[in-house]
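Topology and contacts: notes
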Amino acid sequence: MSASMQAIADQKYKYGFTTDIEMEEFPLGLSEDIVRRISAKKSEPAWMLEWRLKAYRLWLTMEEPDWANVKHPPINYQELYYYAAPAKEQPKSLDDVDPELLRTYEKLGIPLNERAALAGVAVDAVFDSVSVATTFRDTLSKSGVIFCPISEAVREHPELVKKYLGSVVPVRDNYFAALNSAVFSDGSFVFIPKGVRCPMELSTYFRINARNTGQFERTLIIADDGASVSYLEGCTAPMRDENQLHAAVVELVAMDDAKIKYSTVQNWYPGDADGKGGIYNFVTKRGACRGKNSKISWTQVETGSAITWKYPSCVLQGDGSVGEFYSVAVTNHHQQADTGTKMIHLGKNTTSTIISKGISAGKSDNTYRGLVKILASASGARNFTQCDSLLIGNECGAHTVPYIESRNSSAKLEHEATTSKIDEDQLFYCRSRGLSEEDAVGMIVNGFCKDVLKELPMEFAVEAQKLLAVSLEGSVG
Amino acid sequence: MLEIKNLHARIGEKEILKGINLTVPDGEIHAIMGPNGAGKSTLSYVLSGRDGYEVTEGEVIYDGQDILALAPEDRAAAGLFLAFQYPVELPGVGNANFMRTAVNAVRRKRGEAELDAVAFLKLARAAVKNLSMKEDFLKRNVNVGFSGGEKKRNEMLQMALLQPGLAILDETDSGLDIDALKIVAEGVNALRSEKFSALVITHYQRLLDYIVPDMVHVLSGGRIVRSGPASLALELEAHGYAGLEAA
Ligand SMILES: Nc1ncnc2c1ncn2[C@@H]1O[C@H](COP(=O)(O)OP(=O)(O)OP(=O)(O)O)[C@@H](O)[C@H]1O
Ligand SMILES: [Mg+2]
């Protein structure tokens, strides 16, 4: 590729810059010693270290899953850094955060200064392996809401962490979950007490910066009886030629009548147009609707990453509980996405809704993989699933793999699926009105995703729309 | 001024336009009539730059510019507008958003300032009112679930907002009730000026009662086989196209 072509290709991923600050890194590779050092770095209590070590030993006995429709060279886990953090002591107050970091988040469109912040949104900013700032904590604590880095929660709220950590995604759940349990370094912790409606949107902004570093974030959100919260995560990374691993675990717990809305705008570096570089996004996300009439809603807009492997799921235990999954997954160039959801119905009259929109362009592959499981106890359960795939060009692939298991004859399940190519008539119609081909594709794709995008908090829907258009640049013509 | 000179075009191996010659001076409205399958829609698509049509000979000059060399969006910016015979549905795309994006894309290319949401909405509401459309049209998705007549009116709404220099109306009158027909005609007549010209493709004289054309052309078998004043349309209505092809 010529230099100018490269410049054009690069400019499409506008978050690809690196931040130049002094970092502290642990030596390469993974061992019991590294696990101990991570734990010590976070001044963790002994029980937490034990938990990590157990997970590490278990991980050693496990194998990487191979059932997803993705291909990549073997990952050498001994050639990754498991801990990287700005070298300076973590500041106590926002005013003391390294200006270079503040500038970084500013550039990403996330001002950490509370005066400049997006109205009504509190942010936890995670930079490589640590949380560097959490805004509006005082405001939130007035209503009893705990919003802090999980490393802090381990120290300050051990009773809550002990009770819930690993209760939704057990350590042994899968290879990447076990790995994360051993080495997770930061992420957010949210606790909304009984009857409280969280007064602000909460969000975590994940940034991978350091080279060859894996990011293993851990997020735990608990909404107690009658509580509700809307949470959003965003993710970006610099453009680097080598692949980087992001293996996160997110656990949600909703008690009686509680509501959790979890939205993701995932824009990790996808690699270049030739498929070089990009993040391996291997993530386990699951929510437990423990209480009656509780509700967990996942909305995701997945545009980044070289490979996405992720199935935000709901375990519908409480009677009358509701699970929702709204997903847009875009793949372009050589990206691969294998994503979907699992809805496990245990309680009576539980309902789930799955709306998945997959868009594939370039030479990419996009798979929806979903499971709807109705257990014998779940009488009156209902599911509605709709999976639509849109193809742009002739070299990409779209696959739909829906599994349905029903052990209760009173359950009602509906499934609809469509696959279509981007419509030439629609493109021409838009262009004849003056829209460029790229804007036309953006407009049609946004229309295609409307049912999902409207689920995003308003402030982020506009961002997501722009992101969709940018991700598909160069996909037609 | 639009000048079409010896225009030949084909779809795949099949030649549809076989040497069209047509000149539409600024400020004039010309009607194109002709039997089904004559190539009227093909002509409108070739003029607006749809893929799949190969121009094998001839040229099209608009405003001194060879428009066949332009992408469809650049033709729109140059002032061309096509009201589709079969308007296309855009699921999930709000009508107001679509039109504002289009209007601003064209304004940008013309070097004019973009309209903000408030300014646009004001214009759009006025245009909707002129066309006696319900205001909820702006909120609905582009053409989705619109009746045939509503789709045609929506085309006219877009035309009013895009303010083209040359409009091609491909059977915009088909499927319209009498009241809608008058409204559409008023919409076209409202644009009439020194700088506006139009090609009105129609099968029926009744539209031409309201939009009185400067010239009527008969397109048949891929050629203009006859041209005349407005009265030619009445003649065709009385006698049909029989015998014209040979002429
Ligand atoms: N994609 C295509 N492939 C092959 N033939 C085509 C295609 N599109 C149009 N044609 C043919 O080209 C000829 C002209 O079609 P066109 O739609 O331009 O006619 P028209 O004059 O607009 O007719 P009508 O009055 O029915 O709208 C017809 O014979 C039609 O079958
Ligand atoms: Mg036609």
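How each quantity is defined
- Residues numbered from 1 in each chain as written.
- Chains lettered and ligands numbered in written order.
- Predicted model: local features only at pLDDT ≥ 70, side-chain atom pairs only at ≥ 80, totals over all residues.
- Heavy atoms only, no water.
- Helix = DSSP H or I, 4+ residues; strand = E, 2+ residues; numbered from the N terminus.
- Rg over C-alpha atoms; globule rule 2.2 N^0.38 Å.
- Buried < 20%, exposed > 50% of the residue type's maximum accessible area, 1.4 Å probe, protein only.
- Areas by Shrake-Rupley, 256 points an atom, 1.4 Å probe, with all protein chains shown as cover.
- Lys, Arg positive; Asp, Glu negative; His and termini not counted.
- Charge placed at Lys NZ, Arg CZ, Asp CG, Glu CD.
- Contact = heavy atoms within 4.5 Å.
- Core = buried A, V, L, I, M, F, W, Y, C linked by side-chain atoms within 4.5 Å.
- Polar contact = N/O pair within 3.5 Å; in protein donor to acceptor, adjacent residues only side chain to side chain.
- Near = heavy atom within 4 Å.
- Nonpolar A, V, L, I, M, F, W, Y, C, P; charged D, E, K, R; others polar.
- Buried area = accessible area lost by both parts, 1.4 Å probe.
- Salt bridge = Lys/Arg side-chain N within 4 Å of Asp/Glu carboxyl O.
- Donors = N, O, S within 2.8 Å, 3.2 Å for Na, K, Ca; no water.
- pLDDT = per-residue confidence, 0-100.

Here the focus is the overall build of chain A. Helix and strand content of chain A: 12 helices and 23 strands. Here the C-alpha radius of gyration of chain A, 21 Å, is about what a compact globule of 477 residues would show, namely 23 Å. Projected onto its principal axes, the C-alpha positions of chain A cover 65 × 60 × 50 Å. Expressed as a percentage of the 477 residues in chain A, the buried residues total 61%. For chain A, the computed accessible surface area is about 18,100 Å², with 50% contributed by carbon and sulfur atoms. Taken as two groups, the 51 positive and 61 negative side-chain charges of chain A have centres that lie 4 Å from each other.

Right, let's talk about the overall build of chain B for a bit. For chain B, the helix and strand inventory stands at eight helices and 10 strands. For chain B, the C-alpha radius of gyration of 18 Å lies close to 18 Å, the compact-globule estimate for 247 residues. When the backbone C-alpha atoms are referred to their principal axes, chain B occupies close to 55 × 40 × 35 Å. Relative to its 247 residues, chain B shows a buried fraction of 51%. Across chain B, contacts joining residues at least 24 apart in sequence account for 68% of those joining residues at least 6 apart. Accessible area of chain B: about 10,600 Å², with a carbon and sulfur share of 49%. Here chain B contributes 27 positively and 33 negatively charged side chains, and the mean placements of these two sets differ by 5 Å.

What follows covers the nonpolar core. Ranked by internal contacts, the top residues of the largest apolar core, which has 99 residues, are A:I359, A:V445, B:I4, B:F98 and B:L157. Per element, the largest residue contribution to this core is seven residues, and it comes from helix α6 (residues 178–191) of chain B. Not counting the four nearest positions on each side in its chain, B:L157 is found in contact with B:M99, B:A124, B:A127, B:V128, B:L131, B:M133 and B:L138. Membership of the second largest hydrophobic core comes to 83 residues, among which are A:Y164, A:F189, A:F216 and A:I222.

With that settled, the discussion passes to the side chain of A:N383. Residue and element names in this part refer to chain A. Within the fold, N383 resides in strand β21 (residues 382–391). Side-chain polar atoms of N383 contact the side chain of S352, separated by 2.9 Å. Once you skip the residues sitting within four places of it in the chain, N383 turns out to touch H345, S352, T353, I354, V372, K412, L413 and E414.

Residues and elements named next belong to chain B. Close to ligand 1 lie 14 residues; G37, K40, S41, T42 and H203 are nearest. Contact between ligand 1 and K14: an oxygen atom at 3.4 Å from a side-chain N or O atom of the residue. At a separation of 2.5 Å, an oxygen atom of ligand 1 approaches a polar side-chain atom of T42. Calculation on ligand 1 without its partners gives an accessible area of 640 Å², and the protein chains cover 62% of this total. Those elements giving two or more residues to the shell around ligand 1 turn out to be β2 (14–24) and α1 (40–48). Across the shell around ligand 1, the residue classes tally to four nonpolar, seven polar and three charged.

All right, on to the interface of chain A and chain B then. Chain A puts 19 residues into the contact, and the matching count from chain B is 35 residues. At the boundary of chain A with chain B, total buried surface from both sides reaches about 2,000 Å², with 62% on carbon and sulfur atoms. Taken as a group, A:F428, A:Y429 and A:R433 account for 40% of the area that chain A buries against chain B, more than any other trio of residues on that side. If you look at where chain A meets chain B, you find three salt bridges.

Before going further, it helps to examine the coordination of the magnesium ion (ligand 2). Coordination of the magnesium ion (ligand 2) by the protein is provided by B:S41 (OG) and B:Q85 (OE1), with metal-donor distances spanning 2.0 to 2.2 Å. Placement of the pair is B:S41 in helix α1 and B:Q85 in the loop between β6 (80–83) and α3 (95–109), with a sequence separation of 44 residues.

Here we come to the confidence of the model for chain B. For any part of a model where pLDDT is low, the fine detail of the predicted coordinates should not be relied upon. Residues and elements named next belong to chain B. When pLDDT is averaged along chain B, the result is 93; 98% of the residues meet or exceed 70. Element-level mean pLDDT values for chain B span from 89 in helix α8 (residues 231–239) up to 98 in β6. On the interface metric, ipTM, the complex scores 0.96, and its pTM is 0.87.

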